Amino acid sequence: MKKKIRHDQYGYLFVAPFIIGFLIFGLYPVVNTIVLSFTDRTLMSSTWSFIGLKNFQNLFADSTFVTAITNTWELWLMNFIPQMVIAFLLAIWFTNNRLKLKGVGVWRMIFYMPNLMMASAVAALFFSLFSFYGPVNQVLVRSGFLPEAIDFIRKPAIMRGLVVFIQWWMWFGQTTILLMAAMTAISPSLYEAALVDGAGTFQMFRMITLPLIKPVLIYILVTSLVGGMQMFDIPYLLTDGRGSPGNSILTNTINMYMKFHSSKGHIGAASSVGLVVFLMTSVVALLIFFLLREKHDQPAKAER
Amino acid sequence: MKRLFGFLAVLMVMSLVLGACGTPAAPATQAPAATEPPAAEAPATGEKTVLNVWSFTNEILTMAVAFEKTHPNVDVVYTMIPMTNGEYQTKLLATLGTADVPDVVALEAAFVKSYVESDFLADIGDLQKYADELKMYPFVYEVGMANGIHKAYAYQATPGALFYRRSLAKEYFGTDDPVEIQKLLGDFDKYTAAAQVVKEKSGGNTFMVASSGDFQNLFFANREQPWVVDGKLTVDPMVNKMIETAKTFRDNGYEARATQWQEGWFAGMNDTLKDAAGNPKKVFSYFLPTWGLPYVLYPNSTSADGSSTTKGDWAVVEGPLPYQWGGTWLGVMKETKNMDLAKEFVRFCTLDEENLTNWATGVYTNEYLKAIDPTVPDDQYQAAGDFVGSQVVVEKITASFDDSEMSKFLGGQNSYGGFAAAAPSVNARLMQGSDDAIQRALNDPLNSYLEGTITLDEMWTLWKDAVRNEFPDLVIE
């Protein structure tokens, strides 16, 4: 008995690096952010005081903050839904035993490629493509599709479309690979059995594939949600870093960064944005877990 | 087991989400890497005192090397951080109040005032006697002042001017003489009227200016009230006048709609601007300050393939309104352990007659710098022509620029003399720390208004929302 207890202590030693790292780089910033969000602290002044919920009152009275929240949700949903549809389609084709597509590896690599590019390079690329004197205008005007050049960078709908497209384009390859990994892990014998029972392709997808890749689906959904709520680099770099034109691509994180980066460095006010986004994301993430939880809990327990 | 997986997943999600809140602190983690000087100085030998200098431009390295010549027992550790996307400001903000803060910091016009207004810069008012001796242009040291305390000085003065194409001026106005052109463009009503002439006589193929953003600075520089009066956001009539003028320029097609610092803006400088259909377009004038001549206009006056050049076809006048644009100030951080040395460094760079003369007349050549420190990069030399902040120095050296490369570029006009004439009328008393952010916030709503997608009232509302977002303590009506 005594020996066993001693062995247990090694466990603490092994998890210590994570716990220490988490406390310093995970928990401390969060606690600090929460504390900061109740202060009027700025980087340019050494004195500050607690101001209660004033920061949050300001936030919700401020239409910019509401715009940022709606924008973030819209931009994320508009790229996530098509991303899942395309990724599912590709993953099913690539893993389908009957189609036996050639060159899957090559395609997979090509689709994953945009993800390896730096966001700044991608943003700069699209910015110059669509600028007023840029190649897209040149091609469209010279080929007669447009009577005169359009200032794309100043058109809210076009810039939103671009952000959505770039996010989709950069991330669908990653999602495809995750889904493929999940799908190939399913034992072929299940499909064989289903075939023998006379199941159709859609039925097999609905009854075998979907339930078995659910953990991966949850993972994709939640990581994408977290990433989407923190969407920053592309919309920040694509226009003026302030969500222009007309705040159309202003996201939560840009909003937070603007407060931090204003001439006084309002870190108190910026933290309050961070805290609201944190709470919002946590609630939604937990909701996803709750909705997609294992419905047949009883048999699962029995299994164990 | 499932439950454990669920718990771990939640934990994982939480830790991912937590990342979201870490953002404001993130720059701090990058800061240590930046404190290592990218261009290592000569290894400190013996008991050299180390002075840490941070800058966003490699210009000051030249002076730092020269400083080491006159102060042999000092090792200036120079750290250059670019400010392309605000990295410099971010890193500086992140080190405030920590042990990593440098001794001397370079501050750019856009953010110098917020540091001067803050608690972080030391009072270096005892240098003012040197500034008086050298007759520094008042706006140069006024920018570095808050509540009567001197906290930063600049080596440059950056008065603005108007550059125009001589050949086009002859074509549309019958003369390219700067005196005559200044009479024609002496105020903004005249400038707008001239824009109409340019448009008519060129058949719409020459634009008066590349973008209406080019002349925003002029109006802002000539306000009578600052943006913030007693904690309240205030709009000076000059701002309204700017918006009116910008709208006139947009609606009548007087501007090329080429945003500053972008392809089309530069293309206009070397006559290779083409609209989307491929028709060549020209730009008549550019509003640029002192540094705009050697660093922007001159290098861009020849197209990349060398086929088109506008060298020698430019002239400079004071333009419709006096203004200043940009500039680099030097301040001393309060926490410095080498206060006297840091002050001496600022004095040497900004208020030393010999250094300023050397700086402006091209004495700091590669050979000169390499003799002091062989490790300086080959392109570190400072070419002649930067406009310095001291009237005493300017008066002594102006004549030496009569035959300079820049004077040839301007068809024989001595640009140094032109700037010397413009500098005394510049006023920077209204400059505040929040200016840059407040003015930036106006860009997007103003552009929407110019495009006609929103009304003037909607523009003001959008702007006020944006300002409120960045300045929670400001009273906005």
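The model shown is predicted, which means the values in this text are computed figures rather than measured ones.

Visitor: An account of the overall build of chain A is requested, with residue identities and associated values reported.
Guide: Scanning chain A from terminus to terminus reveals 14 helices and 0 strands. Mapped from its N terminus to its C terminus, chain A presents α and β elements in the order α-α-α-α-α-α-α-α-α-α-α-α-α-α. Taken against the 2.2 N^0.38 rule, which gives 19 Å for 304 residues, the C-alpha radius of gyration of chain A at 24 Å runs more than 25% over that of a compact globule. Expressed as lengths along the three principal axes of its C-alpha atoms, the size of chain A is roughly 75 × 70 × 30 Å. Out of the 304 residues in chain A, the part that is buried amounts to 35%. Long-range contacts, defined here as pairs at least 24 residues apart, represent 68% of the contacts in chain A between residues at least 6 apart.

Visitor: Tell me about the overall build of chain B, residues and numbers included.
Guide: The helix and strand tally for chain B stands at 22 helices and 13 strands. Its C-alpha atoms give chain B a radius of gyration of 24 Å, near enough to 23 Å, the size a compact globule of 477 residues would have. Residue burial in chain B is summarised as follows: out of 477 residues, 47% are buried. Within chain B, counting contacts between residues at least 6 apart in sequence, those at least 24 apart form 75% of the total.

Visitor: Give me the environment of B:Ala466: which residues, what numbers.
Guide: Residues and elements named next belong to chain B. By secondary structure assignment, the location of Ala466 is in helix 22 (residues 456-470). Residue classification places Ala466 among the buried residues on the basis of 27 C-beta atoms within 10 Å. Linking Ala466 and Ala441, residues 25 residues apart in sequence, is a C-alpha distance of 6.0 Å.

Visitor: Describe in detail the interface of chain A and chain B, supporting the description with residues and values.
Guide: Taken together, the contact between chain A and chain B spans 61 residues of the former and 50 residues of the latter. In the side of chain A that touches chain B, the residues fall into 25 nonpolar, 25 polar and 11 charged.

Visitor: I'd love a proper account of the pairing of strand 3 (residues 104-108) of chain B, names of residues and values included.
Guide: Residues and elements named next belong to chain B. When you tally the buried positions in strand 3, you get 4 out of 5 residues, the bulk of the element. Pairing of strand 1 (residues 49-55) with strand 3, which is carried by 2 bridges, proceeds in the parallel orientation. Residue pairing for strand 3: Val53 is matched across the bridge by Val104. One ladder, built from 5 bridges, connects strand 3 with strand 13 (residues 328-332); its direction is antiparallel. By the bridge assignment for strand 13, Ala106 is matched with Leu330.

Visitor: Provide a residue-level description of the domain arrangement of chain B, including the pertinent values.
Guide: Under the domain assignment, chain B is made up of domain 1 (32-158 + 326-401), domain 2 (160-323 + 428-433) and domain 3 (434-477). Measuring from the centre of the C-alpha atoms in domain 1 of chain B to the corresponding centre in domain 3 of chain B gives 34 Å.

Visitor: Got a sec to walk through the pairing of strand 11 (residues 282-289) of chain B? Specific residues and values, please.
Guide: All names here are of chain B. Across the 8 residues that make up strand 11, a large majority, 7, are buried. Across 5 bridges, the pairing between strand 7 (residues 160-165) and strand 11 is antiparallel. Bridged to Ala161 within strand 11 is Leu288. As paired strands, strand 8 (residues 206-209) and strand 11 are joined by 3 bridges and run parallel to one another. Paired with Phe207 across the two strands is Val283, which belongs to strand 11.

Visitor: Run through the confidence of the model for chain A, naming residues and quoting values.
Guide: One rule of thumb: low pLDDT means the predicted coordinates there are not for detailed reading. Of all residues in chain A, 94% attain a pLDDT of 70 or more, and the chain-wide mean is 89. Here residues 299-304 of chain A is a poorly scored stretch, pLDDT under 50, and it has 3 contacts once near neighbours within four places are set aside; other chains count.

Visitor: Describe the sheet that holds strand 11 of chain B, listing the residues and the values that go with them.
Guide: Residues and elements named next belong to chain B. Strands sit in the order 8-11-7-12 across an open sheet of 4 strands; the sheet is mixed. Of all the strands in the sheet, the pair left with one neighbour each is strand 8 and strand 12 (314-317). When strand polarity is set aside, the average angle formed by the axes of neighbouring strands in this sheet is 25 degrees. Contacts from helix 10 (residues 188-202) reach strand 8 and strand 11 within the one sheet, and its direction differs from that of strand 8 by about 170 degrees.

Visitor: Any chance you could break down the environment of B:Phe266 for me, citing the residues and the numbers?
Guide: Mapping B:Phe266 onto the fold places it in helix 13 (residues 263-269). Distance from B:Phe266 to B:Asn300, taken between C-alpha atoms, is 6.3 Å for residues 34 residues apart in sequence.

Scoring rules and cut-offs
- Residues numbered from 1 in each chain as written.
- Chains lettered and ligands numbered in written order.
- Predicted model: local features only at pLDDT ≥ 70, side-chain atom pairs only at ≥ 80, totals over all residues.
- Helix = DSSP H or I, 4+ residues; strand = E, 2+ residues; numbered from the N terminus.
- Rg over C-alpha atoms; globule rule 2.2 N^0.38 Å.
- Buried ≥ 20, exposed ≤ 12 C-beta atoms within 10 Å, placed from the backbone.
- Contact = placed C-beta atoms within 7 Å.
- Nonpolar A, V, L, I, M, F, W, Y, C, P; charged D, E, K, R; others polar.
- Pairing = 2+ DSSP bridges.
- Domains from an automatic or database assignment.
- pLDDT = per-residue confidence, 0-100.
- Axes fitted to C-alpha atoms, helices over the stretch in contact; angles between N-to-C directions.

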